[in-house]
Amino acid sequence: MKKGDSAKILKSCDVVAEHSYHLPPLGHMAMEVRTAHAEISSDGGVFITSSSQSPYSIRKQISEAFLIPSGQIEVFVPFVGGAFGGKAPVMLEILAFLASRSVGGKPVRLTISREQDIATPPCHIGLEADIKIGATKDGKIQAAELIYRVDCGAYTDIAPYMAKAVATDCTGPYHIENLTCDVVCVYTNHTYATSFRSFAHDSYTFCIERTLDMLSEKCEIDQLEFRLRNIIRHGSQTPSRVAYTKSGMGDLSKCLNSVKSLSGWCGLNPTNIKKDTVRAKGVACIWKTENPPTDAISGALITFNPDGSLNLHTGVVEIGSNGATMLAQMLAEKLKIDADQVHIVSEVNTRTAPEHWKTVASLSEYMAGHAVMRAADDIVNQLRNIGAMALNRPNDEIEISHGRVFSNKNPERFITLKDLAQGYKSLSGESIGEPVLGRGGFMLKGLCLLNPETGEGKTGPQWTLGAQVVEVEADLKTLTYRIINASTVIDVGNAINPESIRAQIAGGMAMGISLSSREGFFYNENGVLSHPNFRSYKVMHIGQEPNYKVAFAETPDCTSPYGVRSFSEHGVIGMPAALGNALSLAFGKQLDTLPLTPENIWRTPTEDF
Amino acid sequence: MIPFNFTYCRPSTEKEAADAFAAHESEGKTPLYYAGGSEIITMCRTRSISPGCVIDIKNIPNLNLLSVDGNHLIIGTANTLTKICQSKLFPLLKLACGRIADHTNQCRITLGGNICGSIIYRETVLPLLLSDADITLFGPNGGRSASVESIFRRRLARNQNEMITQVRIPIWALDARHAHIKKTANEKIDYPLISVAALWKGETLRVAFSGLCSYPFRSKEIESVLNDRAKSIEERAQRASELLPEQAYNDSVASSEYRLFVLKNTLEKLLEGWENDSI
């Protein structure tokens, strides 16, 4: 990414902060281990059942690799027991298919053990970074030079796309006119890497936000105030030169001000609680745009039941983010009926559900949401046509609401949806219209590849921005700490299901705290992963969680169904950074690695700035 | 999944168990005594071990005893950590048991399994080392008793064909002043960087450690340093940390140097608690 003249401007900055970071890879640790089932019928039909976020990728890859027409392949995905990006790659399905083929197509089920599930399938990237950011004395960022090295392990999988995602959002949500950023994807002898909730944003955000705290310290400006002075705003461009608009990116200043009061932000210094014990808060800003293929697609099909309720078929896999529920809400809102009148077909069969690229990137509400909106329009049009004929009124008078179709001139005369949806039979027995079937397709528009020279280009349809604060209580003698509060304010566009969104964001925060305080893959001198089991790879247990505070800003995205922005991954993004900032402040050290264990804090030298 | 077949026996007396062990051993089946199974199942899953036979001893009545009898508390080794905690009979042991694994596993892990397991921490041994406890074993040649101090050297010196059946703890230890401090890498429910168990007999402090070295131990040298109350707390903690029986343990959980740092802090905390009577 290249904008302006970072080398020249950095030389003239009043203050410059420069630091290197090293973050280890780590695991997804979904509750359900990966599993796949394959069988091949005597006429060559291939049937795969998998715990996957990407049923259509399975169909495509098996088709291409084994030269089987894709129509002969059926992929079925039941409820998935947690995925976090780790079930987006195709892996076991290929092996299960090969195994079935080698025994004449008999059913083969391949479920790996927990130990294998940790050590073998692709994991979270590792990251090294060299960050250099310069500002004026009064805390205005002038220029940045950033180098990120993505540890993608032994195979690429989608790591280059993660490198691209890091580049696209490389500065965090700030106004920086002079920028040079290189992101390099590096093969190593580690487990190979794939998408992990937030698609690498948690990693680079740690490096940027830690450096911003160093810079604000040098400028002697409150960390949160420092960020407010530099956030992206009208007249700013993203690193890939997409102009800021309020609808496109939301209102980060609102998020920062809101998280300031939500977290009881008290600024610059730690607070003494008792002997050797302080409380400190750390702040981090987050943002994320998506990096799907520029031609990613989605679709929705809607059928009616005789009672007037609807069945919603999409290719969205329910992986716990409640995407399908929100789609049902959108459909119900559009048809002005109760959401419980929409039945979600929660399992995905590639033969019956319209293709949805992959259930990744928190794009279900945007992409499938658009498809559902179109399918709903399709239904409304059909119902109006039949209603107009049945009521013998002009089409433009017909309204649909609360399960009734009627003329707005005479709402007391109505036909219920259940009597109309399968085609209407008049009192005299005449048949009117046809059964109503809704369909909607959606293809992303307006995206492009990045310019190889400048990095210019729009990679995703939306942005989501937010601000997060972590509060710790730190023991200065033993270098141990407790995380007391964690606060997040995200501009979700329109919180169409606040409780569900709150839970999803808090879940992301828990994951971010766990991975940054405890987790990491470490390899012994023989290159063997040292602890592929839950006995020694620790995730945060219930009982050690902080108090989660979540609030929303709501700046609708005018290109999105009901103005929603994606939010499912975002809770995780700023937690490592905010925790790192809080602990750095508490202990008077510049922490630059994860996990933030007391031993790593102990190893970090105390240095004055 | 356990990827091999094995025989499962469930005897109802110690004698039946020892006989079953001998019989399967003579068939070359490498039997194992089995109680909670948490460690055996994990190790079988990863094929670190592959016993041809497991002898489930947790239904033997003597191994389930949990009562105070005259001068001793008797704990059958098939009692789970949860049962020992809930009995509240030996407060120091309750604290130690309550910090091993999570609640689900505490309901399965037995005292005997924790003492005899292959994982190096064996944190239940610490209260036994400090309280002059005895341990009873039973094998093909019948039963025998020994003090824990004499039989536990790095690990419990027993023959493969012997099961431990009971521990007997003198009742003075049950209401003695005590403390238990466990430090982990960062997750509360984890193996110890260091567990320190402390028990006062009269005015004399006894301490034992787990996680600090490659085996649990009680050190008389360290105790005599810590009991020298004429010296400052910092000096005693520093001196004690120089008296480890081997180099502090070094693994992926923590380095030797860091363990020493944690040890000194932990000992200082313990001694401060003693000085200001907060323990």
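Quick caveat, the model's predicted, so the values are computed rather than measured. Every residue gets a number counted from 1 within its own chain, in the order that chain's sequence is written. Chain letters and ligand numbers both follow the written order, the letters beginning at A and the numbers at 1. Two thresholds apply to this predicted model, a pLDDT of at least 70 for residue-level local features and 80 or more for giving and counting side-chain atom pairs, whereas whole-chain, interface and lining totals are computed over all residues. By convention in this description, side-chain values take in all heavy atoms of the structure and omit both hydrogens and water.

Hey, could you go over the overall build of chain A for me, with residue numbers and the actual values?
The numbering of helices and of strands both runs from the N terminus, where a helix is a DSSP run of H or I of at least 4 residues and a strand a run of E of at least 2. Along chain A, the regular secondary structure elements total 15 helices and 24 strands. Radius of gyration (C-alpha) of chain A: 26 Å, near the 25 Å computed for a compact globule of 609 residues. By residue count, 61% of the 609 residues in chain A fall in the buried class. Across chain A, contacts joining residues at least 24 apart in sequence account for 77% of those joining residues at least 6 apart. Split by element, the accessible area of chain A, about 23,200 Å² in all, is 52% carbon and sulfur. Positive: Lys, Arg. Negative: Asp, Glu. His and the chain ends are not part of the count. Taken as the charge centre is NZ of Lys, CZ of Arg, CG of Asp or CD of Glu, depending on the residue. In chain A, which carries 57 positive and 65 negative side-chain charges, the distance between the mean positions of the two groups comes to 2 Å. Note that the radius of gyration is over C-alpha atoms, with the globule rule given as 2.2 Å times the number of residues to the power 0.38. Only protein chains enter the calculation, and the probe is 1.4 Å; a residue is then buried if its accessible area is under 20% of its type maximum, exposed if over 50%, and partly exposed in between. A contact between two residues is defined here by any heavy atoms of the two lying within 4.5 Å. In these tables, accessible area is a Shrake-Rupley quantity obtained with a 1.4 Å probe, and a residue counts as shielded only by the protein chains included in the view.

Help me get a handle on the sheet that holds strand 4 (residues 46–50) of chain A, residues and values and all.
Residue and element names in this part refer to chain A. As summarised here, the arrangement of the 5 strands in space is 6-3-4-5-15, forming an open sheet in which the pairing is mixed. Every other strand in the sheet has two partners, leaving strand 6 (108–111) and strand 15 (348–349) as the edge strands with one partner each. Where strand 5 (residues 73–77) lies against strand 15, 2 bridges are found, and the strand directions are antiparallel. Bridge pairing in strand 15 links Phe 76 to Asn 349. Across the face of the sheet, helix 2 (residues 55–66) comes into contact with strand 4, strand 5 and strand 15 while running at roughly 150° to strand 5. Between the N-to-C directions of two axes lies an angle of 0 to 180 degrees, each axis being a line fitted to C-alpha atoms and, for a helix, fitted only over the stretch in contact. With respect to the sheet, helix 3 (residues 92–102) is in contact with strand 3 (35–40), strand 4 and strand 6, its orientation differing from that of strand 3 by roughly 35°. Only when DSSP finds a minimum of two bridges between them are two strands counted as paired.

Go over the layout of surface pockets with me, naming the residues and quoting the values.
Grid spacing is 1 Å over the protein atoms alone, the probe is 1.4 Å, and a cavity is where that probe fits but cannot get out, while a pocket is an open set with protein on both sides within 12 Å along at least five of seven lines and lining residues have an atom within 4 Å of a point. Grid points are joined across faces, edges and corners, and a volume is the space filled by probe spheres set on the points. Size it by volume and the second largest pocket reaches roughly 1,400 Å³. Secondary-structure elements contributing two or more residues to the lining of the second largest pocket are strand 22 (463–475) and strand 23 (480–491) of chain A together with strand 11 (178–183) and helix 11 (256–275) of chain B. The element that contributes the greatest number of residues to the lining of the second largest pocket is helix 11 of chain B, accounting for 7 residues.

How would you summarise the sheet that holds strand 24 (residues 547–553) of chain A if you had to cite specific residues and measurements?
All names here are of chain A. Taken in spatial order, the 5 strands line up as 10-11-22-23-24 in an open sheet, and their pairing is mixed. Each having just a single partner strand, strand 10 (271–274) and strand 24 make up the two edges of the open sheet. Averaged over all neighbouring strand pairs, the angle between strand axes comes to 25°, with direction disregarded. Along the sheet, helix 13 (residues 498–517) makes contact with strand 22, strand 23 and strand 24, crossing strand 24 at roughly 130°.

Tell me about empty space enclosed by the protein, and please be specific about residues and values.
Residues and elements named next belong to chain A. For the structure on display, the rule yields 4 cavities of 30 Å³ or more. By volume, the largest cavity amounts to about 100 Å³. Along the wall of the largest cavity there are 13 residues; nearest its centre are Arg 34, Ser 51, Pro 89, Met 91 and Glu 93. Any residue that is not Ala, Val, Leu, Ile, Met, Phe, Trp, Tyr, Cys, Pro, Asp, Glu, Lys or Arg is counted as polar, Gly included; the first ten are nonpolar and the last four charged. A class-by-class count of the residues in the lining of the largest cavity yields 5 nonpolar, 5 polar and 3 charged.

Requested: an account of the pairing of strand 22 of chain A, with residues and values cited.
Residue and element names in this part refer to chain A. Summarising burial for strand 22: 12 of the 13 residues are buried, a large majority. Taken together, the 13 bridges between strand 11 (residues 277–289) and strand 22 define a ladder with antiparallel strand orientation. By the bridge assignment, Ala 284 is partnered in strand 22 with Gln 468. As paired strands, strand 22 and strand 23 are joined by 10 bridges and run antiparallel to one another. When the sheet's bridge partners are listed, Val 469 is paired in strand 23 with Ser 487. In sequence, strand 22 turns back onto strand 23 through a hairpin of 4 residues, with Leu 479 there showing a positive phi of about 65°.

I'd love a proper account of the pairing of strand 24 of chain A, names of residues and values included.
For a regular strand, side-chain orientation follows a simple rule: the groups alternate between the two sheet faces. Residues and elements named next belong to chain A. In the sheet, strand 23 pairs with strand 24 via 7 bridges, with the strands oriented parallel. Note on strand 24: the bridge partner recorded for Thr 488 is Val 550. Place the viewer so that the strands point away; then a crossover is right-handed whenever the path from the first strand over the helix to the second strand goes clockwise. Of the crossover connections in this fold, the one passing from strand 23 over helix 13 to the parallel strand 24 is right-handed.

Tell me about the interface of chain A and chain B, and name the residues and values.
Counting from both sides, the interface comprises 23 residues of chain A and, opposite them, 23 residues of chain B. Carbon and sulfur atoms supply 47% of the area buried between chain A and chain B, which totals about 1,900 Å² over both sides. Salt bridge, as used here: a side-chain nitrogen of Lys or Arg that lies within 4 Å of a carboxyl oxygen of Asp or Glu. Joining chain A to chain B, the criterion identifies 4 salt bridges. The closest approach of N and O atoms between A:Arg518 and B:Glu187, which form a salt bridge, is 2.6 Å. Of all the secondary structure elements, the ones that give two or more residues to the side of chain A that touches chain B are helix 4 (114–119) and helix 15 (598–603) of chain A. A per-element tally of the side of chain A that touches chain B places helix 15 of chain A first, with 4 residues. When the residues that make up the side of chain A that touches chain B are grouped by side-chain class, the tally is 7 nonpolar, 8 polar and 8 charged. Simply put, the buried area is the total loss of 1.4 Å probe accessible area from both parts when two parts are fitted together.

Give me the lowdown on the pattern of salt bridges, citing residues and values where you can.
Residue and element names in this part refer to chain A. Tallied over the entire structure, the rule returns 42 salt bridges over all chains. In this structure, Arg 149 and Glu 128 form a salt bridge, with 3.2 Å as the shortest nitrogen-oxygen distance. With Arg 149 in strand 8 (residues 141–153) and Glu 128 in strand 7 (residues 126–135), this pair connects stretches of sequence that are 21 residues apart. Judged by its relative accessible area of 33%, Glu 128 is partly exposed. Overlapping salt bridges bring together Arg 279, Glu 471, Glu 473 and Arg 482 as one network.

Go over the packing of helix 10 (residues 323–335) of chain A against helix 11 (residues 364–391) of chain A with me, naming the residues and quoting the values.
All names here are of chain A. For the pair helix 10 and helix 11, interaxial distance at closest approach is 9 Å and the crossing angle is 30°. As far as their axial angle goes, helix 11 and helix 10 are roughly parallel. In the crossing of helix 10 with helix 11, the sense of the turn from one axis to the other is right-handed. Of the residues in helix 11, those touching helix 10 at Gly 323, Met 326, Leu 327, Met 330, Leu 331, Lys 334 and Leu 335 are Ser 364, Glu 365, Ala 368, Gly 369, Val 372, Met 373, Ala 376, Asp 377, Ile 379 and Val 380. In terms of residue class, the contact of helix 10 with helix 11 is made up of 11 nonpolar, 3 polar and 3 charged. The labels follow the angle: roughly parallel below 35 degrees, roughly antiparallel above 145, roughly perpendicular from 65 to 115, and oblique for the rest. Take the far helix as the reference: if the near one is turned anticlockwise from it by less than a right angle, the crossing is left-handed, and if turned clockwise, right-handed.

Break down the packing of helix 13 of chain A against helix 14 (residues 575–587) of chain A for me, citing the residues and quoting the values.
All names here are of chain A. Where helix 13 contacts helix 14, the two axes come as close as 8 Å, and the packing angle between them is 55°. Accordingly, the angle class assigned to the pair helix 13 and helix 14 is oblique. Along this stretch, helix 13 crosses helix 14, giving a crossing that reads as right-handed. Seen from helix 13, the contacting residues are Met 509, Gly 512, Ile 513, Leu 515, Ser 516 and Ser 517; seen from helix 14, they are Met 575, Pro 576 and Leu 579.

Shape is all these values report; function is a separate question.
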